[in-house]
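Overview (structure and organization)
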Amino acid sequence: GRSGACVWQTPPVGIAGNVVVGLVIVVGLGGALTQIYPGPALVLAAIAVWAVVTGGTSAWVALSVSVVAVVLTSAGKYVLVGRLLRRAGVPGRSLLAGGLAGVIGFFLLPVVGLPVGFTLGVYLWELVRGADRAGAGAAAWAAVKAQGAAILLELGGCLIAAAAWGVALARG
């Protein structure tokens with residue numbers, strides 16, 4: 001006869017599995033902070049795998065909170081950056097030039113090349129547009145501040161996701 005147990009139940013993650021998930025979350029937080037690799041995606045992937053394997057209400061609530069936090073902050077960072085830069089008078093083409101220079105910088109100077117290239121790209125494009133050094137410097141500084149705000153917002157979403165996982169883990 002049937003005992004009512006689900007055939008598809010998976011074994012619990014276990015201590016080693018939880019440690020691995022925690023380490024992937026920490027690596028994801030590093031990605032959100034450095035913007036070198038997709039940290040929020042790592043955080044969500046780790047929590048999603050954990051939730052699927054663990055199952056239960058706490059796991060699914062943690063995953064739901066994590067998805068909402070990461071998606072809202074990831075989308076919100078673009079809105080925030082756009083608003084901050086529009087207020088500072090930095091045009092979209094300057095950001096495009098900064099982004100392209102950042103990609104090039106990433107390959108020329110590993111780790112630090114992305115932010116250095118981005119800032120230099122915005123500065124140089126503003127000079128090409130006809131701004132004086134002070135104006136180009138102000139635009140580059142506004143871009144740096146906007147990127148810093150975006151990083152903090154994205155990191156905040158990842159921290160909320162990590163906290164949701166931690167609470168669910170503590171609840172068992």
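Remember, it's a predicted structure, so these values are computed and weren't measured experimentally. (Residues numbered from 1 in each chain as written. Predicted model: local features only at pLDDT ≥ 70, side-chain atom pairs only at ≥ 80, totals over all residues. Heavy atoms only, no water.)

**Things to note about the pattern of salt bridges**
As a reminder, the rule being used: The term salt bridge refers to a side-chain nitrogen of Lys or Arg lying within 4 Å of a carboxyl oxygen of Asp or Glu. Segments assigned H or I by DSSP are reported as helices when at least four residues long, segments assigned E as strands when at least two residues long, and all are numbered from the N terminus. Burial classification: accessible surface area is computed with a 1.4 Å probe over protein chains only, and a residue below 20% of its type maximum counts as buried, one above 50% as exposed, and the rest as partly exposed.
Under the defined criterion, the tally for this structure stands at 2 salt bridges. With a shortest N-O distance of 2.5 Å, K77 and E154 are connected by a salt bridge. One end of the pair, K77, is in helix α3 (residues 57-88); the other, E154, is in helix α6 (residues 133-171), with 77 residues separating them in the sequence. Each member of the pair, K77 as well as E154, is classed as buried. For R129, the salt bridge is made with E126, and the minimal N-O distance between the two is 3.4 Å. Taken together, the positions of R129 and E126, both in helix α5 (residues 113-129) and 3 residues apart, correspond to about one turn of that helix. R129 sits in the partly exposed class, given a relative accessible area of 49%.

**Let's talk about the packing of helix α1 (residues 14-34) against helix α2 (residues 39-54)**
For clarity, the cut-off: Interaxial angles span 0 to 180 degrees and are taken between N-to-C directions of axes, which are lines fitted to C-alpha atoms, for helices over the stretch in contact. Roughly parallel here means an angle under 35 degrees, roughly antiparallel means over 145, roughly perpendicular means 65 to 115, and every remaining angle is called oblique. Each crossing gets its hand from how the near helix is turned against the far one by less than a right angle, where anticlockwise is left-handed and clockwise is right-handed. Working rule for contacts: check all heavy atoms of both residues, and any pair within 4.5 Å makes them a contact.
Between α1 and α2, the least distance of the axes is 6 Å, while the angle of their chain directions is 160°. Here α1 lies roughly antiparallel to α2, going by the angle between them. Between α1 and α2 the crossing geometry is left-handed. Note on element contacts: α2 touches α1 through G39, P40, L42, V43, A46, I47 and W50, opposite N18, V21, V24, I25, V27, G28, L29, G31 and A32.

**Observations regarding the side chain of S94**
What counts, and what does not: Pairs of N or O atoms are called polar contacts if they sit within 3.5 Å, as long as, within protein, a hydrogen donor faces a hydrogen acceptor (for residues adjacent in sequence, only side-chain-to-side-chain pairs).
Inspection of the secondary structure assignment puts S94 in helix α4 (residues 92-108). Given the relative accessible area of 0%, S94 is considered buried. In this structure the side chain of S94 is engaged in a polar contact, spanning 2.3 Å, whose partner is the side chain of E126. Ignoring any residue separated from it by four or fewer positions in sequence, one finds S94 in contact with V122, W125, E126 and R129.

**Regarding α1**
Operational definition: One less than the residue count of a helix, multiplied by 1.5 Å, gives the span that helix is expected to have.
Between its terminal C-alpha atoms α1 stretches 30 Å, which fits the 30 Å expected from 21 residues at 1.5 Å a residue. Every buried residue belonging to α1 is among N18, V21, G22, I25, G28, L29, G31 and A32, and all of these are buried. Buried residues belonging to α1 abut α2 and α6. Remark: Q35 follows α1 within two positions and exhibits a positive phi of approximately 65°.

**Quick word on the packing of aromatic side chains**
Let me state the cut-off plainly: The aromatic pairing rule takes the rings of Phe, Tyr and Trp, using the six-membered ring of Trp, and pairs them if the centres are within 6.5 Å, calling planes under 30 degrees apart stacked, those over 60 edge-to-face and the rest tilted.
Under the criterion given, the structure shown has 2 aromatic pairs. Measuring from centroid to centroid gives 6.2 Å for W50 and W165, while their planes differ by 80°, and the two rings are edge-to-face. Taken together, the positions of W50 in helix α2 and W165 in helix α6 put the pair 115 residues apart, joining distant regions of the chain. Ring centres of F106 and F107 lie 5.2 Å apart, and the angle between their planes is 80°; on these two criteria the pair is classed as edge-to-face.

**Brief notes about the confidence of the model for the protein chain**
Note the following rule: The predictor attaches a confidence to each residue, called pLDDT, with possible values from 0 through 100.
Confidence in the prediction for the protein chain averages 89 pLDDT; 94% of positions are at 70 or higher. This stretch, residues 1-10, has a pLDDT under 50; its non-local contacts, to residues over four places away or in other chains, come to 2 contacts.

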